[in-house]
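Survey of secondary and tertiary structure
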Amino acid sequence: MKKGLITFILYLFPIFLYAQQSYNMTLLGKLDYDIGVNDVWGYYDSYGNEFAIVGLENGTSFVDVTNPDSLVEKAFIPGPTSTWRDIKTWRNHAYIVHDGITEGEPQGLLIVDLTELLSGNITYSSFIETSYERFHNIYIDEKGIAYLFGGDADNGGCLFYDISISPTDPLFIGSYNETYLHDGMVRGDTLWGSAVYEGYLFAIDVSDKQNPIIIGGISTPNAFTHNSWVSDDGKTVFITDEVQGASIAAVDVSDVLNMEIIDQIKSWSLDENVIPHNTHVDGNLLVTSYYCDGVTVVDASDPYNLQEVAYYDTSDSTGGTFSGAWGAYPWLPSNNILVTDRQEGLHILRLDNLNFSSQHLETFLDLDLYPNPTVNEFQLNLEHISWVSIKVYNVSGELVDVFINSSNPKSLIIGSDWHPGIYFLELENLNQFHLSYKIIKQ
């Protein structure tokens, strides 16, 4: 038996929900730009000052966000015109890459000293080798190894540079070039690579930087693997496919030779064709930027039962376009979340209820679904549920069945004509919140 705190809270605050296009999140501050915006990363200094590093189509903006109601741009570094910039930090330096450019000179890997950022005094340099000029993404691991993804070197795989010894003079230590990697992250000696054109999540052993080896892989639900992030315990990787109608998916990677997709969840809106962009893990939460749908927060404490617990829509864009939210950064000491919207600029958001979790959902949502698994059909008891629709997807993200609440039935029988396999049942309540469940037809 499950119940949802979602239903309870929405009953108390329906006017706020619709007026602000948000739930369980509050806008604290906003900074507009007169140029297109892309990714964002956060940084904080030893005095507790917090900053957003914002990628723009014409450069990089550095914003003091310590007081969200009084945002101040501290510095700006002009750069070549590009739709794509990606940023990571290591200690008191920022590392910025861009992809294809339409105007200007490439900057390669832009290295920025942030030591005096509060006063607006920054120094920077471009690190460019003859073999490359651009990259799509960058990740820096806990050892100070920078991984440069999806560039114009080799096969567009990943180059490895040690920045731990000399932050402004990266040392090349190896590369991976079996497949193009659009993005990735590293935990320990495992690189979780998003091979977007193959539609695969790859586990790559990078313990020997001169000889990285693929040790496992899995096809992602919509076969356009854009982004991946591993859970704190290392047992689950969460991925996004950057295509219309895709979900955030949880992948059990406890056995890299036998990875399994264990749950999927879509964003809050009624639009079936919105596109997820990047998901990040913050403890038990997934913070995900969605084109047209803003940012969503999902409780992943039980990766088999992902539950959306908050969202904030950053723009009026709707449907399956690449407008709206691009990036989200959830790791500032204040717990404020940085979100960039391509048209609407930088947003500083607060998650209102930090204690919201799937345990609360289990207490408040009264939905009986049984037997699960089954060889025949599923019984749904809906006596205490205010619902609008129930949609069922297969593991590939294809819509299998739809049930619309036209007569307020107390129960439903579903699944009698489904083929054996794993399905994801998504229930939408009166306030457009989605609750998802994994069900198995044997």
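In case you missed it, the structure is sitting above this.
Now for a description of the structure that goes with this document. For clarity, every value in this text was computed on a predicted model and none was experimentally measured. One numbering rule holds for all chains: residues counted from 1, following each sequence as written. Local features are withheld for residues below a pLDDT of 70 in this predicted model, meaning they are given only at 70 or higher, and side-chain atom pairs are given and counted only at 80 or more; totals for whole chains, interfaces and linings count all residues. Working from all heavy atoms in the structure, the side-chain values ignore hydrogens and water.

Points about the overall build of the protein chain
Helix and strand assignments follow DSSP, with helices taken as H or I runs no shorter than four residues and strands as E runs no shorter than two, numbered in order from the N terminus. Scanning the protein chain from N- to C-terminus turns up 3 helices and 36 strands. Taken against the 2.2 N^0.38 rule, which gives 22 Å for 442 residues, the C-alpha radius of gyration of the protein chain at 22 Å falls within 12% of a compact globule. Taken along the three principal axes of its C-alpha coordinates, the protein chain extends 65 × 50 × 35 Å. Under the scheme applied here, a residue whose accessible area is under 20% of the maximum for its type counts as buried, over 50% as exposed, and between as partly exposed, the area being computed with a 1.4 Å probe on protein chains only. Of all 442 residues assigned to the protein chain, the portion counted as buried reaches 58%. Residue contacts follow a heavy-atom distance rule, with two residues in contact if any of their heavy atoms lie within 4.5 Å. Contacts spanning at least 24 positions in sequence make up 53% of the contacts within the protein chain whose residues lie at least 6 apart. In this tally Asp and Glu are treated as negative and Lys and Arg as positive; neither His nor the chain ends contributes. Note on charges: their place is set at NZ of Lys, CZ of Arg, CG of Asp or CD of Glu. Charged side chains of the protein chain number 19 positive and 59 negative; the gap between the two group centres comes to 4 Å. Within these notes, the globule rule equals 2.2 Å times the number of residues to the 0.38 power, and the radius of gyration is based on C-alpha atoms.

Considering the sheet that holds strand 30 (residues 368–370)
By way of backbone hydrogen bonds, the strands of a sheet pair with one another, either parallel or antiparallel. Spatially, the 3 strands line up as an open sheet ordered 30-31-34, and their pairing is antiparallel. Each edge of the open sheet is held by one strand with a lone partner, namely strand 30 and strand 34 (411–414). Within the sheet, the average angular offset between the axes of one strand and its neighbour, ignoring direction, is 15°. The pairing of strand 30 with strand 31 (residues 378–381) spans 3 bridges and is classified as antiparallel. By the bridge assignment for strand 31, Asp 368 is matched with Asn 381. Paired strands, in this sense, are two strands between which DSSP finds at least two bridges. As a rule, the C-alpha atoms of each element are fitted with a line to give its axis, helices using only the stretch in contact, and angles between N-to-C directions run from 0 to 180 degrees.

A look at the pattern of salt bridges
Each reported salt bridge corresponds to a side-chain nitrogen of Lys or Arg within 4 Å of a carboxyl oxygen of Asp or Glu. For the coordinates displayed, the defined rule picks out 8 salt bridges. Here Lys 30 ties to Asp 32 by a salt bridge, and the two come within 2.3 Å at their closest N and O atoms. Put simply, Asp 352 and Arg 350 hold a salt bridge, and the shortest N to O gap is 3.3 Å. What you see here is one network of salt bridges that share partners, running through Lys 30, Asp 32 and Glu 344.

A few points about the side chain of Asp 241
Note that Asp 241 resides in strand 20 (residues 236–241). Here a polar contact means two N or O atoms within 3.5 Å. Within protein one must be a hydrogen donor candidate and the other an acceptor candidate, and residues neighboring in sequence count only if both atoms are side-chain atoms. Only 2.8 Å separates the side chain of Asp 241 from the backbone nitrogen of Asn 222, close enough to count as a polar contact. With sequence-adjacent residues up to four places away left out, Asp 241 is seen in contact with Thr 220, Pro 221, Asn 222, Ala 223, Phe 224, Thr 225, His 226, Ala 246, Ser 247 and Pro 276.

As for the sheet that holds strand 12 (residues 145–149)
Ordered in space as 11-12-13-14, the 4 strands form an open sheet in which the pairing is antiparallel. At either end of the open sheet lies a strand with only one pairing partner, and these are strand 11 (137–140) and strand 14 (171–176). Within this sheet the neighbouring strands show an average axis-to-axis angle of 20°, counted without direction.

Quick word on the nonpolar core
Residues belong to a common nonpolar core when they are buried Ala, Val, Leu, Ile, Met, Phe, Trp, Tyr or Cys residues joined through side-chain atoms within 4.5 Å. Of all hydrophobic cores here, the largest spans 72 residues; its most connected members are Phe 62, Tyr 147, Leu 191 and Leu 346. By residue number, the principal contributor to this core is strand 4 (residues 50–56), which donates 5 residues. Discounting chain neighbours no more than four positions away, the residues touching Leu 346 are Gly 29, Lys 30, Leu 31, Tyr 33, Val 40, Ala 52, Val 54, Val 63, Val 65, Leu 338, Val 339 and Thr 340.

As for the packing of aromatic side chains
Two aromatic rings are characterised by how far apart their centres lie and by the angle between their planes. Stacked, tilted and edge-to-face pairs are distinguished by plane angle, under 30 degrees for stacked and over 60 for edge-to-face with tilted covering the rest, among Phe, Tyr and Trp rings (Trp via its six-membered ring) whose centres lie within 6.5 Å. For the coordinates displayed, the defined rule picks out 18 aromatic pairs. Each ring, one from Tyr 161 and one from Phe 172, has its centre 5.5 Å from the other, and the planes form 65°; the classification is edge-to-face. Here the residue Tyr 161 occupies a position in strand 13 (residues 158–162), and Phe 172 occupies one in strand 14, the gap between them amounting to 11 residues. Judged by its relative accessible area of 1%, Tyr 161 is buried. Residue Phe 172 is classed as partly exposed on the basis of its relative accessible area of 41%. A ring pair is formed by Trp 268 and Tyr 311, whose centres lie 4.0 Å apart and whose planes are at 5°; its orientation type is stacked.

Comments concerning a nonpolar patch on the surface
Patch construction takes residues with relative accessible area above 30% that form no salt bridge. Like charges are linked within 9 Å, and nonpolar side chains (Val, Leu, Ile, Met, Phe, Trp, Tyr) are linked within 5 Å. The Shrake-Rupley method, run with a 1.4 Å probe, gives the accessible areas here. Residue values count only the displayed protein chains as cover. A cluster of nonpolar side chains, contributed by Leu 399, Val 402 and Ile 404, occupies part of the molecular surface with about 270 Å² of accessible area. Given the relative accessible area of 56%, Ile 404 is considered exposed.

Some words on the pairing of strand 24 (residues 285–291)
Where burial is concerned, most of strand 24 is hidden: 7 out of the 7 residues are buried. Because side chains alternate across strand 24, one face comprises the buried residues Leu 285, Val 287, Ser 289 and Tyr 291, and the other comprises Leu 286, Thr 288 and Tyr 290, equally buried. Across 7 bridges, strand 23 (residues 275–282) lies against strand 24 in antiparallel orientation. In the strand pairing of strand 24, Asn 278 is matched with Ser 289. Counted along the chain from strand 23 to the antiparallel partner strand 24, the turn is 2 residues long, and its residue Gly 283 has a positive phi close to 65°. Linking strand 24 back to strand 25 (residues 294–299) in an antiparallel pair, the connection comprises 2 residues, with Cys 292 at a positive phi of about 70°.

None of this, on its own, says anything about what the molecule does.
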